[in-house]
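Each chain, letter by letter, is given below.
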Protein chains: 2
Amino acid sequence: MGASPGPGVDRRERIRLAAVDLFAERGFRGTTIRAIADRAEVDPALVMHHYGAKDRIFSLVIRESMRPESFLPDVLAGSEEKLGRAFLRAFLVRWEDPAIRPLLLGVFRSSMEHADASRMFREVVSGEVLLPLAVRLSAPDSHLRAALVGTLVVGLVTARYVVCASPIAELALDDVVGLFGDYVDQMLSGKPAVDGAGDDAPAG
Amino acid sequence: MGASPGPGVDRRERIRLAAVDLFAERGFRGTTIRAIADRAEVDPALVMHHYGAKDRIFSLVIRESMRPESFLPDVLAGSEEKLGRAFLRAFLVRWEDPAIRPLLLGVFRSSMEHADASRMFREVVSGEVLLPLAVRLSAPDSHLRAALVGTLVVGLVTARYVVCASPIAELALDDVVGLFGDYVDQMLSGKPAVDGAGDDAPAG
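Definitions and limits used
Residues numbered from 1 in each chain as written. Chains lettered and ligands numbered in written order. Predicted model: local features only at pLDDT ≥ 70, side-chain atom pairs only at ≥ 80, totals over all residues. Heavy atoms only, no water. Axes fitted to C-alpha atoms, helices over the stretch in contact; angles between N-to-C directions. Helix = DSSP H or I, 4+ residues; strand = E, 2+ residues; numbered from the N terminus. Parallel < 35°, antiparallel > 145°, perpendicular 65-115°, else oblique. Left-handed = near helix turned anticlockwise from the far one by under 90°. Contact = heavy atoms within 4.5 Å. Least-squares fit on C-alpha atoms with pLDDT ≥ 70 in both. Expected span 1.5 Å × (residues − 1). Bend = angle between axes of the 7 residues up to and from the residue. Buried < 20%, exposed > 50% of the residue type's maximum accessible area, 1.4 Å probe, protein only. Salt bridge = Lys/Arg side-chain N within 4 Å of Asp/Glu carboxyl O.

## What to know about the packing of helix H4 (residues 54-66) of chain A against helix H7 (residues 101-113) of chain A
All names here are of chain A.
Alright, step 1. In the contact formed by H4 and H7, the axes pass within 9 Å of each other and the chain directions differ by 140°. Looking at the two axes, H4 sits oblique to H7. Between H4 and H7 the crossing geometry is left-handed. Contacts from Phe58, Val61, Ile62, Ser65 and Met66 in H4 reach Leu103, Leu104, Val107, Ser110 and Ser111 in H7.

## Concerning the relation of the copies chain A and chain B
Alright, step 1. At an RMSD of 0.0 Å, chain A and chain B line up after a rotation of 180° and a shift of 0.0 Å along the axis. Such a turn and shift between the copies fits a two-fold axis. In terms of proximity to the rotation axis, the leading residue of chain A is A:Gly155, whose C-alpha is 1.7 Å off the axis.

## Details of helix H8 (residues 115-136) of chain B
Residues and elements named next belong to chain B.
Alright, step 1. Between its first and last C-alpha atoms H8 spans 30 Å; for 22 residues at 1.5 Å apiece the expected length is 32 Å, and the two agree.
Alright, step 2. Remark: the principal bend of H8, roughly 40°, maps to Leu130, with a proline, Pro132, within the next four residues.
Alright, step 3. Taken together, the buried positions of H8 are occupied by Ala117, Ser118, Met120, Phe121, Val124, Val125, Ser126, Val129, Leu130, Leu133 and Ala134.

## Points about the pattern of salt bridges
Alright, step 1. Tallied over the full model, the rule gives 34 salt bridges over all chains.
Alright, step 2. Here B:Glu113 and B:Arg29 are joined by a salt bridge, their closest N and O atoms 3.8 Å apart. With B:Glu113 in helix H7 (residues 101-113) and B:Arg29 in the loop between helix H1 (7-26) and helix H2 (33-40), this residue pair connects regions lying 84 residues apart in the sequence.
Alright, step 3. On the accessibility criterion, B:Glu113 (4% relative accessible area) is buried.
Alright, step 4. In this structure, B:Arg136 and B:Glu80 form a salt bridge, with 3.9 Å as the shortest nitrogen-oxygen distance. You can see B:Arg136 sitting in helix H8 and its partner B:Glu80 sitting in the loop between helix H5 (72-77) and helix H6 (83-96), a full 56 residues away along the chain.
Alright, step 5. What makes B:Arg136 partly exposed here is its relative accessible area of 27%.
Alright, step 6. In this structure B:Glu80 comes out as buried when scored by relative accessible area, which is 17%.
Alright, step 7. Beyond isolated ion pairs, a larger network of salt bridges with shared partners links A:Glu13, A:Arg16, A:Glu64, A:Arg67 and A:Glu69.

What follows is the structure in structure tokens.
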């Protein structure tokens, strides 16, 4: 990223790409700093210098796989009543892409297998996906509403792409959006989410 | 289970308990037939004789952790309008139990980490949890409705117990049931789930 990459930037990018590959292939537990360094053809000390610990690299790879900046701005620019449905579709469109799905699947599986990985996943999803969504809402319990949507969407990703449960996994994307869109819209802009429970609690 | 266990039954039970422990501790990939045999103090051939392959033992451990027979009959005996909420509460009550949660968590994490494990998880959840729920419904699209509920509940388990996302993870159980109960009831007994998509498709 940025202009005029020197040799240092180049190696940093190689490390990033190696990490993306390895987490998708081997999961969180199966990926080591040394394996990332070997694949990037650099010294492990350089990996540590640029990124610190394994969980910090993993956090970067989660961002890389989800790229909220690639779909959230358009979604948030739309009308609030249709926000849920638009968010759902935009989020799933990345999963439907056969060029992106293996990476997302590797990251998602890795995120579930170890508590450290789960923590990084939670931070990225809460801070960079659900927080912008909550901020866009006019409802007072907006963070709770965004968390409800996050819960449903994680279940949908699990059922459709990870566990491949029938019939959710076989439906066309339009049918999935049709099936779940009303619920997501309702969660974001329907009646108050709940009486008194967790009102406006931070989504972090 | 059963009367008068002989030495053969006793070893079989030891194998089962060893498998439960190991999958919870080490996950699906990290558990081998040999490790199960070592922990049960039997020959690996005996593990194969009683249970066959690793995925068959894992399937048994999934059942062992969820025990649908311990809560489904009561839930299904209740009124259809409140079925969703009753199912949600009964399912989560097992997760709230500190004596059971580590086992469920180990099984859930294992189920996400490898495609073979995901397949066993899908078979147990679809066949032994969602199918009885679908059969209890009078709606024509009952299997699809049960699959919607399965999707939401898997998301809830992920958010609350695996990823520990705020505020879902911190809420009292009653608040969780209050937050999601309406959606689950609506999925099971509200208006037709969707127009034409996957009507009455088998939940297997």
